[in-house]
Amino acid sequence: MNELDIDMAWQNLRQAVNDLENMNGDMNVLVATMEAGVELLMDFPPRQIVAKAEASELPTRAVISWLVFESGRIEGIDPAKGRALKDFWNGQAPEDQAVMKAPPGAGLY
């Protein structure tokens, strides 16, 4: 996949999250659209995902943690992709910036 593809995936996910936050439509459709956006983004290598997060105005650690959490929750995403993103981030981030732990009872890795 090329850079244009990840740019499009990132923007689609950003729009889906924005629409969900603002409740711009049917909640079931909005959640499904956001989940599809996460699934699409997780098809990219962790290095590219982290680069997009770092280039955005959003807090990188929070974005990566959220993607790791969501990728473990959404059916259809290979759990290895979330673990790979988590391992990549944790391997390059300072220890105090590691992926945040999932909420108690979330049952994620």
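A brief structural summary. Worth saying up front: this structure is predicted, and the values here are computed from it rather than measured. (Residues numbered from 1 in each chain as written. Predicted model: local features only at pLDDT ≥ 70, side-chain atom pairs only at ≥ 80, totals over all residues. Heavy atoms only, no water.)

1. Let's talk about the nonpolar core
- Val 38, Leu 41, Met 42, Ile 49, Ile 64, Leu 67 and Leu 85 are the most contacted members of the largest nonpolar core, which totals 23 residues.
- Among the elements of the structure, helix H1 (3-21), helix H2 (27-41), helix H3 (46-55), helix H4 (60-73) and helix H5 (79-92) are those that each provide at least two residues to this core.
- A per-element tally of this core places H1 first, with 5 residues.
- Those residues in contact with Ile 49, other than ones at most four positions away along the chain, are Ile 6, Leu 41, Met 42, Phe 44, Ile 64, Leu 67 and Leu 85. (Core = buried A, V, L, I, M, F, W, Y, C linked by side-chain atoms within 4.5 Å. Buried < 20%, exposed > 50% of the residue type's maximum accessible area, 1.4 Å probe, protein only. Helix = DSSP H or I, 4+ residues; strand = E, 2+ residues; numbered from the N terminus. Contact = heavy atoms within 4.5 Å.)

2. Concerning the layout of surface pockets
- Quantified by volume, the largest pocket comes out at close to 270 Å³.
- If you go around the largest pocket, the residues you meet are Trp 10, Leu 13, Arg 14, Val 17, Asn 18, Glu 21, Leu 58, Pro 59, Ala 62, Val 63, Trp 66 and Leu 67.
- Every element with two or more residues in the lining of the largest pocket is listed here: H1 and H4.
- Residue contributions to the lining of the largest pocket peak at 6 residues, all from H1. (1 Å grid on protein atoms, 1.4 Å probe; cavity = no way out; pocket = protein on both sides within 12 Å on 5 of 7 lines; lining within 4 Å. Points joined across faces, edges and corners; volume = space filled by probe spheres on them.)

3. Some points on H3
- Buried within H3 we find Ile 49, Val 50, Lys 52 and Ala 53. One side of H3 holds all its buried residues, which, seen down the axis, span an arc of 160 degrees. Exposed residues on H3 whose side chains face more than 90 degrees from its buried face are Arg 47 and Ala 55. (Arc of directions from axis to C-beta.)

4. Thoughts on the environment of Gln 97
- Following the sequence through the fold, Gln 97 ends up in the segment after H5.
- Owing to a relative accessible area of 31%, Gln 97 belongs among the partly exposed residues under this scheme.
- Between the C-alpha atoms of Gln 97 and Thr 60, which are 37 residues apart in sequence, the distance is 9.4 Å.
- Those residues in contact with Gln 97 that sit more than four places away from it in its chain are Arg 61 and Trp 89.

5. What to know about the packing of H3 against H4
- Direction vectors running N to C along H3 and H4 enclose 140 degrees, while the axes themselves pass 8 Å from each other. Between H3 and H4, the angle is such that the two are oblique. When you trace H3 past H4, the crossing you get is right-handed. For the pair H3 and H4, contact is made by Ile 49, Val 50, Ala 53 and Glu 54 and by Thr 60, Val 63, Ile 64 and Leu 67, respectively.
- Residues that form the contact of H3 with H4 fall into these classes: 6 nonpolar, 1 polar and 1 charged. (Axes fitted to C-alpha atoms, helices over the stretch in contact; angles between N-to-C directions. Parallel < 35°, antiparallel > 145°, perpendicular 65-115°, else oblique. Left-handed = near helix turned anticlockwise from the far one by under 90°. Nonpolar A, V, L, I, M, F, W, Y, C, P; charged D, E, K, R; others polar.)

6. Details of a nonpolar patch on the surface
- On the surface, a cluster of nonpolar side chains totalling about 270 Å² of accessible area is made up of Met 23, Met 27 and Val 31.
- Among the secondary structure elements, Met 27 is positioned in helix H2. (Patch = residues over 30% accessible without salt bridge, like charges linked within 9 Å, V, L, I, M, F, W, Y side chains within 5 Å. Areas by Shrake-Rupley, 256 points an atom, 1.4 Å probe, with all protein chains shown as cover. Salt bridge = Lys/Arg side-chain N within 4 Å of Asp/Glu carboxyl O.)

7. Quick look at H4
- The first and last C-alpha atoms of H4 sit 20 Å apart over 14 residues, in line with the 20 Å expected at 1.5 Å per residue.
- Buried within H4 we find Thr 60, Val 63, Ile 64, Ser 65, Leu 67, Val 68, Glu 70 and Ser 71. (Expected span 1.5 Å × (residues − 1).)

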